[in-house]
Amino acid sequence: MEPVVRLRGICKEFPGVMAVDGVDLDILPGEVHVVAGENGAGKSTLMKLLSQVERPTAGEIYISGERVEFHGPGHAQRLGVAMVYQEFALAPHLSVAENLFLGREPGRGGFVDRRAEKEEARGLLERVGLEVDPDRLVSTLTVAEQQRVEIAKALAIDAKVVIMDEPTATLAEKEIEELFGVIRDLTSQGRAVLYISHRLDEIFRIADRVTVMRDGKVVATLPVEELDEAKLVRLMVGREIGNLYPRPETQIGDVLLRVRGLSRGERLRDCSFEVRAGEILGFAGLVGAGRTELARAVFGADPVDAGEIELEGRRLRIRKPQDAIEAGIGYLTEDRKGEGLALQLGIDQNITLASLPARFGFIGLGRERSIAERRREQLNIRTPSVRRKVQVLSGGNQQKVVVARWLETRARVLFFDEPARGIDVGAKAEMFALIGELAREGRGIVLISSYLPELINMCDRILVMRDGSVAGVLEREEFSEERIIALATGVKETV
Amino acid sequence: MSQTTATGRTLGATLREHLSDVVSQLAAAGALIVVFVFLSIASPNFLTADNLFNVGTQTAVTAVIAIGMTLVIITAGIDLSVGSVAALSGVMGVMMMVDLGLPVPLAILGGTLVGAVCGLVNGLLISVAGLNPFIATLGMLSVARGLVYIVSDAQAVFGTPDSFRLLGQGVFVGGIPIPVVVILVVAVAGYVVLSRTKLGRYAYAIGSNVEAARLSGIPIRRYLTAVYVISGALAGFGGMIASSRVASGQPNFGMGLELDVIAAAVIGGASLFGGQGTVLGTLIGAFLIALIRNGAVLLDVNIFYQQVIIGVVIWLAVMWDQYRRRRLAAASE
Amino acid sequence: MSQTTATGRTLGATLREHLSDVVSQLAAAGALIVVFVFLSIASPNFLTADNLFNVGTQTAVTAVIAIGMTLVIITAGIDLSVGSVAALSGVMGVMMMVDLGLPVPLAILGGTLVGAVCGLVNGLLISVAGLNPFIATLGMLSVARGLVYIVSDAQAVFGTPDSFRLLGQGVFVGGIPIPVVVILVVAVAGYVVLSRTKLGRYAYAIGSNVEAARLSGIPIRRYLTAVYVISGALAGFGGMIASSRVASGQPNFGMGLELDVIAAAVIGGASLFGGQGTVLGTLIGAFLIALIRNGAVLLDVNIFYQQVIIGVVIWLAVMWDQYRRRRLAAASE
Amino acid sequence: ACAEVREQGGGQQGGGEGQQGPIELAVVPKAVGFDFWETVREGAVCAARRAEGEVDVQWDGVAQETDVTGQVNLLQNFITQGVDGLVYAATDARVLHDVTRQALDQGITVVNIDSGTDPQPENVPVFATDNVAAAERATEYLVEQLGPDGGKVAFIPFQPGTATNDTRTQGFKNVLEENPQVELVAEQSSESNYNRALQVTEDILTAHPDLDAIYAANEPGVLGAAEAVRSAGKAGEIIIVGWDTAPDELKAVREGVVSALIAQNPFRMGYDGVNAAVRMIRTGEQVEGGDTGAILVTKENIDDPEVQRVLKPSCENPPVEDQ
Ligand SMILES: Nc1ncnc2c1ncn2[C@@H]1O[C@H](COP(=O)(O)OP(=O)(O)OP(=O)(O)O)[C@@H](O)[C@H]1O
Ligand SMILES: Nc1ncnc2c1ncn2[C@@H]1O[C@H](COP(=O)(O)OP(=O)(O)OP(=O)(O)O)[C@@H](O)[C@H]1O
Ligand SMILES: [Mg+2]
Ligand SMILES: [Mg+2]
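Residues numbered from 1 in each chain as written. Chains lettered and ligands numbered in written order. Predicted model: local features only at pLDDT ≥ 70, side-chain atom pairs only at ≥ 80, totals over all residues. Heavy atoms only, no water.

The name an unreviewed UniProt entry assigns to chain B is Ribose ABC transporter permease, from the organism Rubrobacter xylanophilus. Per UniProt, chain B has the following entry under Subcellular location (unreviewed entry): "Cell membrane". (UniProt positions renumbered as here; feature names shortened; annotations may be inferred.)

Looking at an unreviewed UniProt entry, chain A carries the name Putative ribose/galactose/methyl galactoside import ATP-binding protein 1, with the source organism given as Rubrobacter xylanophilus. UniProt, in the comment section headed Subcellular location (unreviewed entry), describes chain A in these words: "Cell membrane".

Novice: Looking at this model, I keep getting lost on the sheet that holds strand E19 (residues 413-417) of chain A. Mind explaining?
Specialist: Strand pairing within a sheet occurs via backbone hydrogen bonds; the two strands may be parallel or antiparallel. Residues and elements named next belong to chain A. Overall, mixed pairing links the six strands, which are arranged E16-E19-E20-E13-E21-E22 in an open sheet. Two strands close off the open sheet at either side, each with one partner strand: strand E16 (329-332) and strand E22 (469-475). Pairwise comparison of adjacent strand axes, ignoring direction, gives a mean angle of 20 degrees for this sheet. Where strand E13 (residues 280-285) and strand E20 (residues 444-448) come together, four bridges link them in parallel fashion. Across the sheet, the residue bridging to Gly282 is Leu447, located in E20. (Pairing = 2+ DSSP bridges. Helix = DSSP H or I, 4+ residues; strand = E, 2+ residues; numbered from the N terminus. Axes fitted to C-alpha atoms, helices over the stretch in contact; angles between N-to-C directions.)

Novice: Mind showing me how you'd approach the relation of the copies chain C and chain B here?
Specialist: In the superposition of chain C on chain B (RMSD 0.2 Å, axial shift 0.1 Å), the rotation amounts to 180 degrees. One copy is carried onto the other by what is essentially a two-fold rotation axis. A share of 98% of the interface residues of chain C reappears at the interface of chain B, consistent with the copies meeting face to face through the same patch. (Least-squares fit on C-alpha atoms with pLDDT ≥ 70 in both. Contact = heavy atoms within 4.5 Å.)

Novice: Explain the confidence of the model for chain B here, please?
Specialist: For residues with low pLDDT, the predicted coordinates do not support detailed interpretation. Residues and elements named next belong to chain B. Scored by pLDDT, chain B has a mean of 85; 89% of the residues are at 70 or more. Within chain B, helix H1 (residues 6-42) has the poorest average pLDDT of any element, 66, and helix H4 (residues 104-127) the best, 97. Note that residues 1-17 has pLDDT below 50 and, in this model, twelve contacts with residues that lie over four places away or in other chains. Interface confidence for the predicted complex, expressed as ipTM, amounts to 0.79; the pTM equals 0.82. (pLDDT = per-residue confidence, 0-100.)

Novice: Help me understand the sheet that holds strand E6 (residues 81-84) of chain A, please; the structure alone is not making it clear to me.
Specialist: All names here are of chain A. Spatial ordering of the open sheet is given by E6-E7-E8-E3-E9-E10, a layout of six strands whose pairing is mixed. A single partner strand is all that each edge strand has here, and the edge strands are E6 and strand E10 (217-223). For this sheet, the mean angle separating the axes of adjacent strands, direction not counted, is 20 degrees. The sheet strands contacting helix H1 (residues 43-50) are strand E3 (32-37), E6, strand E7 (161-165), strand E8 (192-196) and strand E9 (209-214), and the helix crosses E8 at an angle near 150 degrees. Lying over the sheet, helix H5 (residues 143-155) contacts E6 and E7, oriented at roughly 180 degrees with respect to E6.

Novice: Can you walk me through helix H5 (residues 131-146) of chain D in this structure?
Specialist: Structural remark: α-helix, 3.6 residues per turn; residues separated by three or four positions point the same way. The first and last C-alpha atoms of H5(D) sit 22 Å apart over 16 residues, in line with the 22 Å expected at 1.5 Å per residue. Following H5(D) by one or two positions, Gly147(D) adopts a phi angle in the positive range, close to 85 degrees. (Expected span 1.5 Å × (residues − 1).)

Novice: Mind showing me how you'd approach the site of ligand 2 here?
Specialist: Residue and element names in this part refer to chain A. Around ligand 2, a shell composed of Thr140, Thr142, Arg267, Leu286, Val287, Gly288, Ala289, Gly290, Arg291, Thr292, Glu293 and Glu334 is seen. At 2.4 Å, a side-chain N or O of Arg291 approaches an oxygen atom of ligand 2. In the complex, 76% of the free accessible area of ligand 2, which totals 630 Å², lies under the protein chains. In terms of residue class, the shell around ligand 2 is made up of three nonpolar, five polar and four charged. (Near = heavy atom within 4 Å. Polar contact = N/O pair within 3.5 Å; in protein donor to acceptor, adjacent residues only side chain to side chain. Areas by Shrake-Rupley, 256 points an atom, 1.4 Å probe, with all protein chains shown as cover. Nonpolar A, V, L, I, M, F, W, Y, C, P; charged D, E, K, R; others polar.)

Novice: It is not clear to me how the interface of chain C and chain B should be interpreted in this structure. Could you clarify?
Specialist: How big an interface is tends to be expressed through the accessible area that disappears when the partners come together. Taken together, the contact between chain C and chain B spans 43 residues of the former and 44 residues of the latter. Across the interface of chain C and chain B, roughly 3,700 Å² is buried in total on both sides, 78% from carbon and sulfur atoms. For the pair chain C and chain B, the interface holds zero salt bridges. The tally of links between chain C and chain B comes to four residue pairs in polar contact (both at pLDDT 80 or more). Elements with a minimum of two residues in the side of chain C that touches chain B: helix H4 (104-127), helix H5 (133-152), helix H11 (257-267) and helix H13 (303-331) of chain C. In terms of residue count, H5(C) provides more of the side of chain C that touches chain B than any other element does, 14 residues in total. Here the residues of the side of chain C that touches chain B are counted per class, giving 32 nonpolar, eight polar and three charged. (Buried area = accessible area lost by both parts, 1.4 Å probe. Salt bridge = Lys/Arg side-chain N within 4 Å of Asp/Glu carboxyl O.)

Novice: Is there a simple way to think about the coordination of the magnesium ion (ligand 4) in this case?
Specialist: For a metal with four donors in a tetrahedral arrangement, the ideal angle between donors is 109.5 degrees, while six donors in an octahedron ideally sit at 90 or 180 degrees. Residue and element names in this part refer to chain A. Surrounding the magnesium ion (ligand 4) are the protein donor atoms Thr292 (OG1) and Glu334 (OE), at 1.7 to 2.6 Å. Note that Thr292 is positioned in helix H9 (residues 291-299) and Glu334 in the loop between E16 and helix H11 (336-340), a separation of 42 residues in sequence. Residue classification places Glu334 among the buried positions, given a relative accessible area of 19%. (Donors = N, O, S within 2.8 Å, 3.2 Å for Na, K, Ca; no water. Buried < 20%, exposed > 50% of the residue type's maximum accessible area, 1.4 Å probe, protein only.)

Novice: How should the packing of aromatic side chains be read in this particular structure?
Specialist: Following the criterion strictly, the structure yields 15 aromatic pairs over all chains and no others. Measuring from centroid to centroid gives 6.4 Å for Phe283(A) and Phe415(A), while their planes differ by 70 degrees, and the two rings are edge-to-face. Taken together, the residues Phe283(A) in strand E13 and Phe415(A) in strand E19 connect sequence positions 132 residues apart. Ring centres 4.9 Å apart and planes at 35 degrees place the aromatic pair Phe155(D) and Phe172(D) in the tilted group. Taken together, the residues span a long stretch of sequence, with Phe155(D) in strand E6 (residues 151-156) and Phe172(D) in helix H6 (residues 163-178) at a distance of 17 residues. Of the two residues, Phe155(D) and Phe172(D), both sit in the buried class. Pairwise contacts between aromatic rings join Phe273(A), Phe283(A) and Phe415(A) into one cluster. (Phe/Tyr/Trp six-rings, centres within 6.5 Å; stacked < 30°, edge-to-face > 60°.)

Novice: Got a minute to help me understand the interface of chain D and chain C in this structure?
Specialist: Contacts between chain D and chain C engage 29 residues on the former and 30 residues on the latter. Note on chain D versus chain C: buried area summed over both sides is about 2,700 Å², and carbon and sulfur give 47% of it. Between chain D and chain C we count two salt bridges in total. Taking the shortest distance from any N to any O, the salt bridge between Arg165(C) and Glu227(D) comes out at 2.6 Å. The set of elements that each furnish at least two residues to the side of chain D that touches chain C consists of helix H2 (35-50), strand E7 (182-187), helix H7 (194-207) and helix H8 (219-231) of chain D. At eleven residues, H7(D) tops the list of elements feeding residues into the side of chain D that touches chain C. For the side of chain D that touches chain C, the residue count by class is eleven nonpolar, eight polar and ten charged.

Structural data, given as structure tokens:
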């Protein structure tokens, strides 16, 4: 079979980094080709080379057997390469419909046929199962909704190959199933799907072939049948990884954080919960259930209408994040680029942002440096120097920088909102080990995740949200995916 | 709103979101009405046809240029050169009539083209050479002013044919001043461009998220250049209106005009961070500024206090806008 | 560079990355050197101690204010009011000496405080009322200019004690003009603030990602206000230097100064999108502008051509910066 | 249709009938915020106070002399407001002619001060200094001081393109043309800004260490030149001749830093302008305009009572012709 995409000796060098190093790759029509690898392995960069966002330093790209020259992303689209980006490429001030057809508006003579646009948009949104008005501004959508707009946008192109860079990072099980439906739909039409993910189970559910990358090079390309989890992980990280979810045996102590009756308009309704010392409490729920909202409300990031918050028995008055941080509460945002990182600042500066070592307004630069070095060691942040700008790190390494920031605050209670988003298996294991470690130190941890295995393996209790309110709390012995989904959807268990 | 269907809710939400675009205009319009009513009461001469025509005529230059500026601001850019470019175009356009003997309409077009060329230089500096819009147009502010002095030897150019006066001083059928008609025509054109054309759409997209626009395959450079050409052309056209008002080319025209023009756009809800702005809002902003200046004279407010008042009104108009937007956001929860 | 160890390469890379911060400064410095060498050849009187001290003295006002502006620009803000605020502070400071009989150092402090108060108003409008910095300070540009006319009745204020001349015209031990010493002191202070203090760090953080800064518990409002207070105070101090230079308070001082000041910062590598900017770069930018103006007079360039030249030089300096940055990126591929 | 409305509006006050009630006058300088115009205002207010019956003076102007359009707008607003008389200084002779016409069509009395229009309507008197003649006189003085060998002179204009600047330049250059021994070596604008004038003069002194004289076209230019010459230690060596009479300029004359200043009589412009307007409105008679005069102030004559009367005008002892 003639490959739709053929890459030969493709290289891309960034200052000091050989991001992609002599890659050969064939993509066949109708296959789901997964690209796996650690953070910074070069997956996203490789995809950007194919979609002509980046210009290769060397190598040749063939699409349908024809050698293609670099002419920018518009050219790639015309050749039939569609891409769903890891970091969103949406214009927040434009509506959903406008975003879907950005650059390819229906109409003629420079005019846009808005009616046709809206009509076609409806169809696309239906295909990805997104029930939003095409006239809504993208800025008012949740991260997950935006993700699906991204996917719909890729579908709008009559593509030979659709690239998806971690499309499920913000999706919950139900949406993932829908997405897989879309993917199967595409492949059945003979289109190829290039798929990047850090979630191993997904890889085995969807892949036809898997290419593993490490340090910019292709380690292997294998049919999925020849792989198992252990082998895949070994190929990716070059070593064995023991337990993915190393949950420590911890001593659960007194109640640290007690939240009662927190309400915020229609988004949060009378939410109460408590977190104990040494405990990992999970927040489960469908996308848009209000988990993020609840964490942000406790943290003081959004104003609330009513509710009480107590930390170690003391009543807190939290009006802004600063109050929460001073009281000993930390919150790791789900949108690291938009809300987490100051991209132009150094790694060290980002790490100390919430806990600047300073006296009389002057920063202890030496101390800052050693703090950053220590965290780099501890979290294995891959960078030649902590003074590099965060901008140039891979997604996973960026995430570790944010984690490091909150570790530095010595918070008593930490909210992790989708902490594993975009993190590779190795790093994920390290990070969950770290979360466990934090719990063992006697902190209270809230783990928000859309990925149930993470919650089930890591948590002591799981709080399930539905429609802005607490649908129920499950103890460890009650844990099961079915039960959580039942609570989250409000459907009675069928078992 | 207790019992609404799911569709009802999303529809309502959508409406509200789009209202938030309208809110700035409402805020500015509110300020406009307040000032209007106040002046009607405070000055017996305010509500006369003559005076209102005066205000309309006086607004024309600012409004026309501000519509171009709105387009620029939507792309997260800025055009500081409009005042100088208007002067250069005005003077060169008049010279085309006087020295080259071009017919009036052709000379008006010529002046407008001079503006467009300045805009083209701005656009190329920004999109090809990659200069920050602030810097590129700041340079043009200086260059165009120098050029107008050089071509005119810093002397006003007189001797325009009488028919040239029509543009800035003429009256249309129905007694409406031609400058007011010009405002309307340019505004409608601006509205159509912003809401129905690719150019407008891409302007919003570029201003909203330039990376997204690039990844969507929009030829950023081309459209960005076009935006500055339009702004330059409208500045040039505004310069011709100003020249017609005084039946001469004035090399000193338009100093500080850029601030009025930008203020008009921003009072009308355009965001300097890009992605936001409407023609209607800008128009209202331009009229608000003109009205304040007119009222200050009618009420014999000392010019020094006028400056203070204009500053404070700009603050209040935009503050009110912010407040309304915030309340709206809160209400929609 | 063919045979380097991995560590060597990564170290080099890091260095190169940090160089890219320095590159703007180098570009501006390069332009500075080009202009410098050119003038040394073209004008026999350029390379004299007297003239260089003159240039230094003439730069003082722009440089001092530009350092405050750099801080503001780093937070992704802008302060358009510096020219008016400098005039208001200069006039009020002089009035404190002349009318209230305050001792000179106190009056200088007083003028600086007037600037700080204007900055406070800016800061509160921006951080509490949530106004866009462009609008808030545009309003202040108008308000402060109106106020200076009101307090001075638009008359220059004369009659300062002789000792007041020291600040702008005095000479330090070693024959260095006091304004040059002032530049150095303010620059060092600015450098320390930007690189070693919370204020500086938070300014970069706010400019780089304000939401991340807020969620990291940084009291945005307080620091943002402080930044504008500093900018206002430095504008006020700059106004006092200007007043001392002419031994009087001039209500017309500083019109258009904001553009020079912003140009200095941006030529020096500050990004109007925030998160980037250094004191050294800004200083170089300020000197570059002063040098061009100085050279134009030395060579008796027609005033009209001067405007064109200044515009073009601003373009070239920033373009060269862009080019260098790009080459740097390319070289490291 | 529009023109009809205007004529009706003006009809009430037309004809030769004098108006006896309170009079409302708008007095509009080229710009507010300069010593000169403030003195014009004092003269105008003084005349209004001394006039018979009630005369109300509205004083308003644009912020910069270059803002021609701004002044047109301002005057049009006054016309719509229906003032009885308009006393103003035209920022641009040709442009403002139209506005004058418009006012006259509405039956508003118009008087020009400082600068008239082109053409000047017969029924609009002008009270102004003859700028060209005064500049010529001052330059002749400068040439005389330089002696027969002549020397190098620098020129500090303030705002190219404005009538005042250009007439003062014209007079200066007229005399230079007749005296080739005097060489013009530098021409740099002060932009009407003291600090800028100072910088520019400093730089000119650097470029021309052998400079002999400076001619400055307005107050900031004179002050800047004086200050630069003073701090270069060349006070008295370099002849400075210029315009206007701000206190520090006069001080510099006494110190010998500045050789001569052209003193106009702005008080009288305001005074005569308002007087003429009032008379024309009250009696319906035509009034002739006139030269308000200019004197060359030097160290020698600065304390003469006649000179002092112009320099320190007061309503008690106004520097005007006998009424
Ligand atoms: N624009 C850039 N400038 C400099 N270096 C870059 C740039 N983009 C990527 N890199 C570097 O290239 C390498 C590959 O990055 P890439 O984003 O392709 O990794 P990835 O495999 O997608 O990782 P992740 O799973 O974390 O998304 C990393 O070391 C990264 O730091
Ligand atoms: N800015 C916004 N404008 C309008 N609606 C919003 C906004 N942010 C959140 N919502 C709505 O509030 C609800 C809760 O969203 P939230 O982000 O808290 O959900 P979540 O459970 O954290 O889901 P996710 O998996 O996306 O993090 C959703 O219905 C969402 O549509
Ligand atoms: Mg990636
Ligand atoms: Mg969430």
